[in-house]
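Below, each chain spelled out in residue letters.
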Amino acid sequence: MNTPEDSQLGKPAPYVDRYDPSLLFPISREPKRAELGLAAALPFSGADMWTAYELSWLNARGKPQVALGHFTVPCETPNIIESKSFKLYLASFSGSTFGSAAEVRERIRADVSEAVWRGAPTQASVGVRLLMPDVFDAEPVEELDGLSLDRLDVECTDYTPAPHLLTAAQGEQPVHETLTSNLLKSNCLVTGQPDWGSVQVTYTGAQIEQSGLLRYLVSFRNHNEFHEQCVERIFMDIWRRCRPVKLAVYARYTRRGGLDINPFRTSHPMALPRNVRTARQ
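Below you will find a few notes about this structure. Model, not experiment: these values are computed from the prediction. (Residues numbered from 1 in each chain as written. Predicted model: local features only at pLDDT ≥ 70, side-chain atom pairs only at ≥ 80, totals over all residues. Heavy atoms only, no water.)

Here's the deal with the packing of helix H2 (residues 83-91) against helix H3 (residues 101-116)
Then comes step 1: Where H2 contacts H3, the axes come no closer than 12 Å and their chain directions differ by 150°. The angle between the axes of H2 and H3 places the two elements in the roughly antiparallel class. Note that H2 runs across H3; the crossing there is right-handed. Contacts between H2 and H3 involve Phe86, Tyr89 and Leu90 from the former and Arg107, Ile108, Asp111 and Val112 from the latter. (Axes fitted to C-alpha atoms, helices over the stretch in contact; angles between N-to-C directions. Helix = DSSP H or I, 4+ residues; strand = E, 2+ residues; numbered from the N terminus. Parallel < 35°, antiparallel > 145°, perpendicular 65-115°, else oblique. Left-handed = near helix turned anticlockwise from the far one by under 90°. Contact = heavy atoms within 4.5 Å.)

So, in structure tokens, the structure goes:
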């Protein structure tokens, strides 16, 4: 089984400019989920939505082509893709010739699907969408909808995850609300480099104490985990401590290496949020 320490993170790595799917480095979700007490039957569904801003290849006449890539990886896959390996993999397209954008899209779909489902008894496909330059100006920039927790004047003293800060008004009339914050920061599991993000929490149930939720989100500031793992930890801490009837957690992290990763987890069936970047992305 691949481990984060075996990846190219924090190590010199040459750029390969010829298509090479072996550069993809899948890492099992299981160990981190075991830390959270999660078994095969997950209490959530959802996906990890990636955006690639550095994607290029050559057409049949050797002329470079560029595109934005949107990739959707279901959270049920047994593996994630380590982000530096994804960057190196996409860079390997830059000196290779492909007949069309459709061919590039299907090649990425097949390679990433194989990597994230590797080791599973059955496999399915990831979502891949390529946006060509003629539609770039239609790409919107939007902030996450909801009531901003950042308006609160709170004292913060915890900078590693502190789920004890989460409380809810059990026994009172349930509410439905969406809360957001731009103050999420965690660090790469291997290199310790900062990962900046915005987070949206939508729930139905006992009203969550907002200042405690904000202080809890801030408490990830010195925590080392991958984006996907942080969002699942946030989801499970709220789920267990506040006991909502319904819960969805969505984070949009700023890009690193030409990639952003935006995990979404929900306790109930619902459509994925639109993959629309925020101003910081």
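Resuming the write-up.
Concerning the pattern of salt bridges
Then comes step 1: In total, this model carries 15 salt bridges according to the counting rule given.
Then comes step 2: Note that Glu232 is salt-bridged to Arg33, the shortest N-O span being 2.7 Å. Residue Glu232 is located in helix H5 (residues 227-242), and its partner Arg33 is located in helix H1 (residues 30-35); the two are separated by 199 residues in the primary sequence. The residues Glu232 and Arg33 share a single accessibility class, namely buried.
Then comes step 3: Put simply, Glu114 and Arg118 hold a salt bridge, and the shortest N to O gap is 2.7 Å.
Then comes step 4: Here the salt bridges share partners, and the residues they tie into one network are Arg29, Arg33, Asp48, Glu232 and Arg265. (Salt bridge = Lys/Arg side-chain N within 4 Å of Asp/Glu carboxyl O. Buried < 20%, exposed > 50% of the residue type's maximum accessible area, 1.4 Å probe, protein only.)

Side note on the pairing of strand E3 (residues 64-74)
Then comes step 1: Bridge analysis of strand E2 (residues 45-58) against E3 gives 10 bridges, and the strand direction is antiparallel. Bridging from a neighbouring strand, Leu55 pairs with Ala67 of E3.
Then comes step 2: Hairpin connection, E2 to E3: the antiparallel pair is bridged by 5 residues, and Gly62 has positive phi, about 80°.
Then comes step 3: One ladder, built from 5 bridges, connects E3 with strand E5 (residues 127-131); its direction is antiparallel. In the strand pairing of E5, Leu68 is matched with Leu131. (Pairing = 2+ DSSP bridges.)

Focus: a nonpolar patch on the surface
Then comes step 1: A cluster of nonpolar residues, Val66, Val135 and Phe136, forms a patch on the protein surface that exposes about 210 Å² of accessible area.
Then comes step 2: Tracing the backbone shows Val135 in the loop between E5 and strand E6 (147-148).
Then comes step 3: Overall, Val135 belongs to the partly exposed group, its relative accessible area being 34%. (Patch = residues over 30% accessible without salt bridge, like charges linked within 9 Å, V, L, I, M, F, W, Y side chains within 5 Å. Areas by Shrake-Rupley, 256 points an atom, 1.4 Å probe, with all protein chains shown as cover.)

A look at the environment of Ala124
Then comes step 1: Relative to the assigned elements, Ala124 resides in the loop between H3 and E5.
Then comes step 2: Beyond its immediate stretch of four places on either side in the chain, Ala124 contacts Ser113 and Trp117.

Describing unusual backbone geometry
Then comes step 1: Non-glycine residue Arg243 carries a positive phi angle of around 50°.
Then comes step 2: Here Arg243 lies in the loop between H5 and strand E9 (246-253).

Comments concerning the nonpolar core
Then comes step 1: With 33 residues, the main nonpolar core has Leu213, Tyr216, Ile234 and Ile238 as its most contacted residues.
Then comes step 2: Residue assignment for this core shows that the elements contributing at least two residues are strand E7 (175-187), strand E8 (194-205), helix H4 (210-218), H5 and E9.
Then comes step 3: Aside from chain neighbours lying at most four places away, what touches Ile234 is Leu184, Tyr216, Leu217, Phe220 and Val249.
Then comes step 4: Core analysis: the second largest hydrophobic core is formed by 25 residues, Val73, Phe98, Ile108 and Val128 among them. (Core = buried A, V, L, I, M, F, W, Y, C linked by side-chain atoms within 4.5 Å.)

Things to note about H5
Helical geometry note: an α-helix holds 3.6 residues per turn, so side chains three or four residues apart project in the same direction.
Then comes step 1: The end-to-end C-alpha separation of H5 is 22 Å, in line with the 22 Å expected for 16 residues at 1.5 Å each.
Then comes step 2: When you tally the buried positions in H5, you get 13 out of 16 residues, the bulk of the element.
Then comes step 3: Backbone geometry just downstream of H5 places Arg243 in the positive-phi region, at approximately 50°. (Expected span 1.5 Å × (residues − 1).)

Concerning the sheet that holds E6
Strand-to-strand pairing in sheets goes through backbone hydrogen bonds, with the strands running parallel or antiparallel.
Then comes step 1: The mixed open sheet is built from 8 strands, whose spatial order is E5-E3-E2-E10-E9-E8-E7-E6. Only two strands of the sheet have a single partner each, and these edge strands are E5 and E6.
Then comes step 2: Along the sheet, H3 makes contact with E2, E3 and E5, crossing E5 at roughly 150°.

Some remarks on the pairing of E9
Then comes step 1: In terms of burial, E9 is largely enclosed, as 7 of its 8 residues are buried.
Then comes step 2: Sheet topology note: the E8/E9 ladder contains 8 bridges and is antiparallel. Residue pairing across strands places Thr204 opposite Lys246, the latter belonging to E9.
Then comes step 3: Looking at chain direction, E9 and strand E10 (residues 259-266) are connected through 3 bridges and run antiparallel. Of the residues in E10, the one forming a bridge with Tyr250 is Phe264.
Then comes step 4: Counted along the chain from E9 to the antiparallel partner E10, the turn is 5 residues long, and its residue Gly257 has a positive phi close to 65°.

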